[in-house]
Amino acid sequence: PDTMSSFALRSTAIRGYLMRTLRRPGAVVGPRPVLASAVRPAAVAAGSGDKKKLVFLGTPEVAASALEAILDAAEAPDSAFEVHAVVSQPGRPRGRGRSKSGPPPPSPVAEAAMRRGIPEDMVLCPVKANEPDFLQRLRDMEPDLMVTAAYGNFLPQKFLDIPRLGTLNIHPSLLPQFRGAAPVQRCLERGDAVTGVSVAYTVLKMDAGPVLRRVEHELNGDEKHDELLPELFATGAKALVDALPSVWDGTESFDTATPQAEYGDACEAPKTSPEEARMDFIGQNARTLHNKVRGFAGWPGTKAKFEVRKDGSDEGTVVEVKIITTKVVSDSEAGKEAKAANGAVELTKNSMRVPCGGGDWLEVLELQPPGKKAMKAGDYANGMKGSTLIVVSYGDDE
């Protein structure tokens, strides 16, 4: 044909971006500085002897870290496999103005792949995993195993039929709990005492395949989503690497993996939305709100409205602030019952104590006022001297 397919054009564009960036002296790609002369050879060699072929699929930074761990294992002298190719979603604009300054940069996984020496024609970035050209490229590779980690695209049966040994997914929950797009967020929001990570085979139904490895992780009640997620993916990558020898020699497989029903009933983890970020101090207790702050840290975050009244005034101005870090406070710590506060926030030297609907208090330790950077709640409270903060419900002023 006279024209390249859309898949080929996207692959060419991302390879061009990466190679131009890597060729700049002292170029920085992602979190590491890279010199063109210092690019490490990846554990990749098309058709290299009897080594098993693994194809990795992922997109965000947590998946890039998983890829690094798998590449480290593949580079071991006694490794039985190679990372034959890497698949990621196309790059997206990052930061203000990036969409107007040329093509968006590649995903963290694509950057990591190139940084580690994956051949440029083996970094594939289809918009969807059902594109015919993309599927044919995979068939031509004859991979033994696919591994996914936060790839973000639906995998059709035509894809799942390609690898000889199936597709394994690193999922940050104890399956069958929290199947779906937001497992860590929903687990923290629910206030679970234990979470974990699963390495499970991929089937058409989302996150429903049999489990090869399952590692528990106890929670102390203060972890945040954006801090816990990388830790779970690191644990999952290690569990995957530890399981690979048994997968290669056939002692463990799809047929020997544990059906999820043996671990209990399933529950879903739907994607979070900005509308859920609103905090209801009047209708919910402090523990529920604290868990929402933990679970929604990073995205979509949590926000609350307060009315700022000058002392002696019956009216004030409503402000909306982002709530970043909180702590549950008992009545004895607060010094009085929350119900007696009548919606008034207690401003202290180090924090803000907000009365909640359950008769308890939520202590705000860190927040972000409108138009300003994140700050300690005590600093914000010090700026409120001569004023009173009153809790406002969403809808009261709308």
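Overview of the structure.

Rules behind the numbers
- Residues numbered from 1 in each chain as written.
- Predicted model: local features only at pLDDT ≥ 70, side-chain atom pairs only at ≥ 80, totals over all residues.
- Heavy atoms only, no water.
- Helix = DSSP H or I, 4+ residues; strand = E, 2+ residues; numbered from the N terminus.
- Buried < 20%, exposed > 50% of the residue type's maximum accessible area, 1.4 Å probe, protein only.
- Contact = heavy atoms within 4.5 Å.
- Areas by Shrake-Rupley, 256 points an atom, 1.4 Å probe, with all protein chains shown as cover.
- Core = buried A, V, L, I, M, F, W, Y, C linked by side-chain atoms within 4.5 Å.
- Pairing = 2+ DSSP bridges.
- Polar contact = N/O pair within 3.5 Å; in protein donor to acceptor, adjacent residues only side chain to side chain.

1. A short note on the overall build of the chain
And then number 1: Helix and strand content of the chain: 10 helices and 16 strands.
And then number 2: Here the chain holds 398 residues, and the buried ones make up 49% of them.
And then number 3: Look at the contacts in the chain between residues 6 or more apart in sequence, and 68% of them connect residues 24 or more apart.
And then number 4: As displayed, the chain offers around 19100 Å² of accessible surface, 51% of which is attributable to carbon and sulfur atoms.

2. A closer look at the environment of L160
And then number 1: As for its placement among the helices and strands, L160 is situated in helix α5 (residues 157–160).
And then number 2: Looking at L160, the relative accessible area reads 12%, which means it is buried.
And then number 3: L160 sits 43 residues away from V203 along the chain, and the two C-alpha atoms are 7.5 Å apart.
And then number 4: When neighbours within four sequence positions are excluded, L160 is seen to be in contact with L155, T167, T202, V203 and L204.

3. Some words on the nonpolar core
And then number 1: Residues L54, F56, L67, F81, V83, L138 and F159 are the most contacted members of the largest nonpolar core, which totals 67 residues.
And then number 2: With 11 residues, helix α7 (residues 225–248) is the single largest residue contributor to this core.
And then number 3: Setting aside chain neighbours within four positions, we find F81 in contact with K51, K52, L54, I70, A73, A74, L244 and W248.
And then number 4: Of all hydrophobic cores here, the second largest spans 24 residues; its members include M279, L289, L362 and L367.

4. Considering the pairing of strand β8 (residues 194–201)
And then number 1: Counting buried positions along β8 gives seven out of eight residues, so the element sits mostly inside the fold.
And then number 2: As paired elements, strand β7 (residues 167–171) and β8 share four bridges and run antiparallel to each other. Counted as the bridge partner of N169 is A200 from β8.
And then number 3: Examined bridge by bridge, β8 and strand β9 (residues 211–218) share seven bridges and lie antiparallel to one another. Along β9, the bridge assignment pairs T195 with H217.

5. What about helix α8 (residues 286–295)?
And then number 1: Of all 10 residues that make up α8, eight are buried, and the element is covered over most of its length.
And then number 2: Listing the buried residues of α8 in full gives A286, L289, H290, N291, K292, V293, R294 and G295.
And then number 3: Buried residues in α8 make contact with α6 (183–190), α7, β10 (302–310), β11 (317–329) and β14 (361–368).
And then number 4: A side-chain oxygen of the first residue of α8 lies 3.2 Å from the backbone nitrogen of R287; this N-cap is N285.

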